[in-house]
Amino acid sequence: MLNWGRRALTVCKRASGGTRQCSQAGGAPDAGEAPPRPQPPGVLGLAAFTKGDPELEHKLKVIMLETEVMRQEGQLVPPQEFMSPPIWGNLLKLGSRSGRRKYLEYLFKTAKAKEHQQEKKEARRQQFEEAKAAMGPREVLGMEEHAQTYGLAANNIFLRFYDTSINHFYNGRLAKACDFGQKLVLDCGFDRHMSRRENQNAAKQLMMLFSDNRFHKDPFDIHYTSLRPESELTQMLQKIIPTMYEPAFPMNVHEGSYLEVFPKGRLVYLTPHCREEMERFDHDAIYIIGGIVDKLNNEPLSLAKAKREGLQMRKFPLDRYLQWGGGSGKSLTLNQCVRILLDLKESGDWRHALRHVPRRKLTEAQPPRARLAWRPQARSPPSLHHR
């Protein structure tokens, strides 16, 4: 016999003597003990953010109530299961309601994108299972019939290259660049001056420039300096590149400054805020690119750091070779800067290297410069009349 109570499940059974013996299941508290008070979702993991401060705890409850009201009103707010403790911590750092609303809209779009990717993955899996079931069992052929069969499922004349072999090829090219290639420094010491979204964009751009440099036929030996393990930028980059700290992975990561690794006389800081332009590519210099995404903070942080350390400074001659549009900014992403340096090192031509600047930023949407193959010129037929 089961008695459903408000707090516990009571199981009753009759003993052999006719008496009833009841016991409570589920670990219910005693009559004199108060039941534990349920915590709001996300509060249990936020002790590192609130640190027992009553003002922060009150602000957290207000933000959670505000988020729930926005969700009930039909605004773009992610579902409750998507709201992890780090997300609530980021909402605590935002001071304005409009900033929190924009951040929640960004999270809503991210959650929908992940949901859409999961649906596409499940659809591809079902399609594969249906195609596999339609094929039926594979026919076992004899040796002579198997040798005469041509197709991807049997023999073919092409050698198959696996993804691991291709990765070993590109990683070997980077390992060769570590010994003989030109050094390039990515200064990652600006994570404290960026918001969480800017750090996330910077981590993606660092991953993209690593990939672009890896696929180039003459890559740089890139060194990531001032990349502290506890920084927010490092944690986001490690999520994208989980093998970045493995000894066999060709990625140079330094916790200290570039002044501790390279001689000061060869360092040249590339900052858009200086006056001197970079006229030609110096193959003996070690160029430094500031790893910062300054969508909100437009202060010349890289210029101030280079002046404080007494380094040489240069900037790309963008105004000399390009005509910028009226409302577009002249800022370039980190991977675009690395692409420009790779082409400039190979060709020495600024017009060819600046093809990586987005066309939407320029006044006239000119097509990118393409490499034309040599073609023989048409000759006129020889004349039959001779003097």
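Above: the structure in question.
Residues numbered from 1 in each chain as written. Predicted model: local features only at pLDDT ≥ 70, side-chain atom pairs only at ≥ 80, totals over all residues. Heavy atoms only, no water.

Caption draft 1: View of the nonpolar core. Counting 61 residues, the largest nonpolar core has Y224 and F316 as its most contacted members. Counting residues per element, this core draws most heavily on helix α11 (residues 334-347), which supplies 7 residues. Once you skip the residues sitting within four places of it in the chain, Y224 turns out to touch L186, C188, L206, L209, F210, M251, N252, V253 and H254. (Core = buried A, V, L, I, M, F, W, Y, C linked by side-chain atoms within 4.5 Å. Buried < 20%, exposed > 50% of the residue type's maximum accessible area, 1.4 Å probe, protein only. Helix = DSSP H or I, 4+ residues; strand = E, 2+ residues; numbered from the N terminus. Contact = heavy atoms within 4.5 Å.)

Caption draft 2: Layout of the packing of aromatic side chains. According to the stated counting rule, one finds 8 aromatic pairs in the structure shown. Arranged with centres 6.3 Å apart and planes meeting at 70°, the rings of Y258 and Y269 form a pair that is edge-to-face. Here Y258 is found in the loop between β6 (252-253) and β7 (267-270), whereas its partner Y269 is found in strand β7, with 11 residues between them in sequence. Of the residues examined, Y258 reaches a relative accessible area of 0% and is grouped as buried. Its relative accessible area of 0% is what places Y269 among the buried residues. Through pairs of rings, three or more aromatic residues link up here, namely F169, Y170 and F215. The ring of Y106 is capped by R197, whose NZ or CZ atom sits 4.7 Å from the centre of that ring. Across the ring face of F220, the terminal group of K345 is positioned such that the distance to the ring centre comes to 4.0 Å. (Phe/Tyr/Trp six-rings, centres within 6.5 Å; stacked < 30°, edge-to-face > 60°. Lys NZ or Arg CZ within 6 Å of the ring centre and 35° of its normal.)

Caption draft 3: Just the pattern of salt bridges, in detail. The final tally for this structure, using the stated rule, is 18 salt bridges. Close ionic contact of E66 with R97 constitutes a salt bridge, the shortest N to O distance being 3.6 Å. Within this pair, whereas E66 is found in helix α2 (residues 54-72), its partner R97 is found in helix α4 (residues 97-135), the two being separated by 31 residues in sequence. The salt bridge partner of D212 is R339, with a shortest N-O separation of 2.9 Å. Of this pair, D212 sits in helix α7 (residues 196-215) while R339 sits in helix α11; the two residues are 127 residues apart in sequence, bridging distant segments of the chain. One salt-bridge network, in which partners are shared between bridges, spans E66, R97 and R100. (Salt bridge = Lys/Arg side-chain N within 4 Å of Asp/Glu carboxyl O.)

Caption draft 4: Geometry of the sheet that holds β7. Strand order in the open sheet formed by 6 strands is β6-β5-β4-β8-β7-β9, with parallel pairing between adjacent strands. What marks the edges here is a single partner per strand, and that holds for β6 and β9 (312-314). Sheet topology places strand β4 (residues 183-187) next to strand β8 (residues 286-290); 4 bridges connect them, and they run parallel. By the bridge assignment for β8, V185 is matched with I288. Contacting β4 and β5 (221-225), α7 runs over the sheet at an angle of about 160° to β5. (Pairing = 2+ DSSP bridges. Axes fitted to C-alpha atoms, helices over the stretch in contact; angles between N-to-C directions.)

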